[in-house]
Amino acid sequence: MIGSRSKGVVLWTIVWFDLLLLSLPTLIIIGASFTSGDIVQFPPEGFSLKWYSKLWLLDDFKSAFLRTLYVSIICTLVSIPAGTLAAIGLARYRIRFHTTIQVYLLLPFTIPLVASGLGMMIFFGEIRILGQLWPVGLALCIINLPFMIWAVSAAVNGLDDQLENAAANCGAPPLQAFFTVTLPGVMPGVITGALLMFILAFNEFLVSLFLTDARTVTLPVSIYNSIRSVITPDLAAVSVVYIVIAFIAVLLLDKLVGLELFLKSK
Amino acid sequence: MIKPVTQTSPLVELSNVSKRFGKVTAVDNANFSLSQGSVLTILGPSGCGKTTLLRMIAGFESPTTGNIRINGQPVQAVPPYKRSIGMVFQNLALFPHMTAGENIAYPLKMRRFSPQDIPGLVERYLDIVRLSGMGERRIQQLSGGQQQRVAIARALSFNPDLLLLDEPLSALDKKLREEMQLEFRRIQQQLGVTTINVTHDQREALVMSDEIIVMSEGAIQQIADPVSLYRQPSNRFVASFIGLTSLIRGTVEDAREGKITFRTTHTTLQGQASERFRFGETVEGAIRAEQVRISTDIKGAEGMDNILDGVVEQQIFEGDRMVYQISCPALGTAPLFVFDHDPSHHTPHAQGDRVVVSWKVRDLLVYPCQKYRVSNP
């Protein structure tokens, strides 16, 4: 059994190396955010929370943060009905142009974000909504919608395909069958998708860069703008805020759906 | 609106029902009726149209042509949720986000039973399917057999006119399946609910039904009670689908009504037929494995009509019986299957042994050889 033992050693080495590589940037940025010095460095110089308190006082960052929150919420709220209905429709009903619709809905995956960003900027400009904040949420919903559809589709495909018939057989008219059987059945997928959409919108940079200006700038764009001037540890602190939000999302997912289910869904 | 159901009016009645999907004919001109309180099984190989027939009765599909009547009323325009039909689905289709009790209560809520009555009815039906006290369990916490029981209770809790079973037992292992067959029978008799069961399992059909419909390629082949179906199959398909049957092909030499003499590869055989044949017509004789006697010499074949020499090709020990596959030179390549019961009292025949096989004329049933389509009664 020497062979299997050395195989184990090799595998574990690779696993730990990968884990380290994946988490190193995060660990470094968390460390750097607690520095008491004036530049981003690792290991940090001393320990203080001064950059976090400074962050709290910086109105620019605070309002950018709130705007990002607003945009992400719009994106999530629009994507829940749109993505859920699209996924259920595509998986369950014999629709004409089924494949075409499917390809069309997944198209945002294949188009470079630069292209969609530019396109939406021109389009929003034409219909005179560029410069407002809510269209940014809409745009983020459009580019990330495939993730929502993917998450709900996985849940729909996991359901028994006779479930709606069973509901009808029990005496439920179609609408009632949808709300009492289909929707609760795919809820894990909807929650997974919604959290994913929120995080993706919260982090989105490239398309937001096209669609925002100084008055509507969102947090990722705002961070980008400040690293172009001077890199101070408050950026590391902002990054940690991001990490915390992502972590909360994962915890929520585990609480509401169970991570196991999420990881199993294809 | 409500038509009184008399003893004579059938609960379900299908007349000339056909269903086509594009160019494929799933159900071809089906006619039958089902009286109150009886159990009907639709038996056939997969893809024979039996499930389509069931789905049309449930209302999930509508017939391309023909009429379905339930309680004497045409149901063409009645959506599934307005039909008083309970169904147990092939994969059960239990609602995964509800408990066992909530599943059973669901049809009661949807059909607007009074809220005070619902808990009592749920308890009653949990009791009927022997799951008392398990109403709080989640579906995933129940075993396969328990899930079956929940599905039965859900299909019955609102006291439907008709119960449909779409091969719900096919996924279970043999022992559990046989146990559940008896359970279905017990519950059906306790409640007296009219039932249509769909299956490809001939044993299940024989055990559970008052009446059996055999289907093949969309067409009904025979409608009969289990005993008549087994004893008097109306055509070659039914004869070979139910039981272990050997088929022997030949041409008619003498075709008097009832007794047919036909020539096979190297001999002539006599058999029983219920229809007329012309001289020279190609026919197929069907003989059940339990009607053939196997012996070491001619003495064992005393009193039999057709006697042939053969060689044991294969023998399978099944515990309560031996199954022999015999090749008879006189029959050409067609194998002959023989059951021999109680093998412990005599030495079984070994592979390669020369044996004598024999049977009575009345047990060899003769059918026309061409593909058989039955005109509906």
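Predicted model only: the values in this text are computed from it and were never measured.

## Some remarks on the overall build of chain B
In terms of helices and strands, chain B carries eight helices and 20 strands. For chain B, the C-alpha atoms occupy an extent of roughly 75 × 45 × 40 Å along the three principal directions. When burial is assessed residue by residue, chain B has 39% of its 377 residues classed as buried. Excluding contacts between residues fewer than 6 apart, the proportion of contacts in chain B whose partners are at least 24 apart in sequence is 66%.

## Quick look at the overall build of chain A
If you tally the helices and strands in chain A, you get twelve helices and zero strands. Moving toward the C terminus, one meets the helices and strands of chain A in the order α-α-α-α-α-α-α-α-α-α-α-α. In terms of principal-axis extent, the alpha carbons of chain A reach across some 70 × 70 × 30 Å. A burial count over chain A gives 35% of its 266 residues as buried. Once local pairs closer than 6 in sequence are excluded, the contacts in chain A between residues at least 24 apart make up 74%.

## Looking at the nonpolar core
Counting 143 residues, the largest nonpolar core has A:Leu140, A:Val152, B:Ile42, B:Ile57, B:Leu164, B:Ile213 and B:Val357 as its most contacted members. Shared between two domains, this core takes at least three residues from each, and those domains are domain 1 (12-231) and domain 2 (244-368) of chain B. Listed in part, the 15 residues of the second largest apolar core include A:Ala32, A:Trp51, A:Leu219 and A:Ala236.

## Describing the sheet that holds strand β4 (residues 65-70) of chain B
Residue and element names in this part refer to chain B. Pairing is antiparallel in the open sheet, where four strands are placed in the order β2-β1-β4-β5. If you trace the sheet from one side to the other, it starts and ends with β2 (24-34) and β5 (73-74), each paired once. The pairing of β4 with β5 spans two bridges and is classified as antiparallel. Note on β5: the bridge partner recorded for isoleucine 70 is glutamine 73.

## Observations concerning the interface of chain B and chain A
Contacts between chain B and chain A engage 18 residues on the former and 15 residues on the latter. Sorting the residues of the side of chain B that touches chain A by element identifies β6 (85-88) and α2 (100-110) of chain B as the ones contributing at least two each. Tallied by class, residues from the side of chain B that touches chain A come to 13 nonpolar, three polar and two charged.

## Describing the packing of helix α8 (residues 174-203) of chain A against helix α11 (residues 233-256) of chain A
Residue and element names in this part refer to chain A. In contact at an axis separation of 10 Å, α8 and α11 are set at 175° when each is read in the N-to-C sense. Taken together, α8 and α11 sit at an angle that is classed as roughly antiparallel. Note on element contacts: α11 touches α8 through Ile245, Ala246, Ala249, Leu252, Leu253 and Leu256, opposite Ile191, Thr192, Leu195, Phe198, Ile199 and Phe202. In terms of residue class, the contact of α8 with α11 is made up of eleven nonpolar, one polar and no charged.

## Considering unusual backbone geometry
Residue and element names in this part refer to chain B. Positive phi outside glycine occurs at arginine 112, with the angle close to 55°. Among the secondary structure elements, arginine 112 is positioned in the loop between α2 and α3 (117-128). Owing to 8 C-beta atoms within 10 Å, arginine 112 belongs among the exposed residues under this scheme.

## Side note on the confidence of the model for chain A
When the pLDDT values of chain A are averaged, the result is 88; 96% of them are 70 or greater. Element-level pLDDT for chain A is lowest in helix α12 (residues 259-264) of chain A, with a mean of 61, against a maximum mean of 94 in helix α7 (residues 163-169) of chain A.

## Things to note about the pairing of strand β8 (residues 194-199) of chain B
All names here are of chain B. β8 sits mainly inside the fold: six of its six residues count as buried. Here β8 shows two buried faces, one formed by Thr194, Ile196 and Val198 and the other by Thr195, Asn197 and Thr199. Bridging between strand β3 (residues 39-43) and β8 involves five bridges; their strand directions are parallel. Bridging across to β8, leucine 43 finds its partner in threonine 199. Where strand β7 (residues 162-166) meets β8, five bridges bridge the pair, whose relative direction is parallel. Along β8, the bridge assignment pairs leucine 163 with threonine 195.

Rules used in this analysis
- Residues numbered from 1 in each chain as written.
- Chains lettered and ligands numbered in written order.
- Predicted model: local features only at pLDDT ≥ 70, side-chain atom pairs only at ≥ 80, totals over all residues.
- Helix = DSSP H or I, 4+ residues; strand = E, 2+ residues; numbered from the N terminus.
- Buried ≥ 20, exposed ≤ 12 C-beta atoms within 10 Å, placed from the backbone.
- Contact = placed C-beta atoms within 7 Å.
- Core = buried A, V, L, I, M, F, W, Y, C linked by C-beta atoms within 7 Å.
- Domains from an automatic or database assignment.
- Pairing = 2+ DSSP bridges.
- Nonpolar A, V, L, I, M, F, W, Y, C, P; charged D, E, K, R; others polar.
- Axes fitted to C-alpha atoms, helices over the stretch in contact; angles between N-to-C directions.
- Parallel < 35°, antiparallel > 145°, perpendicular 65-115°, else oblique.
- pLDDT = per-residue confidence, 0-100.

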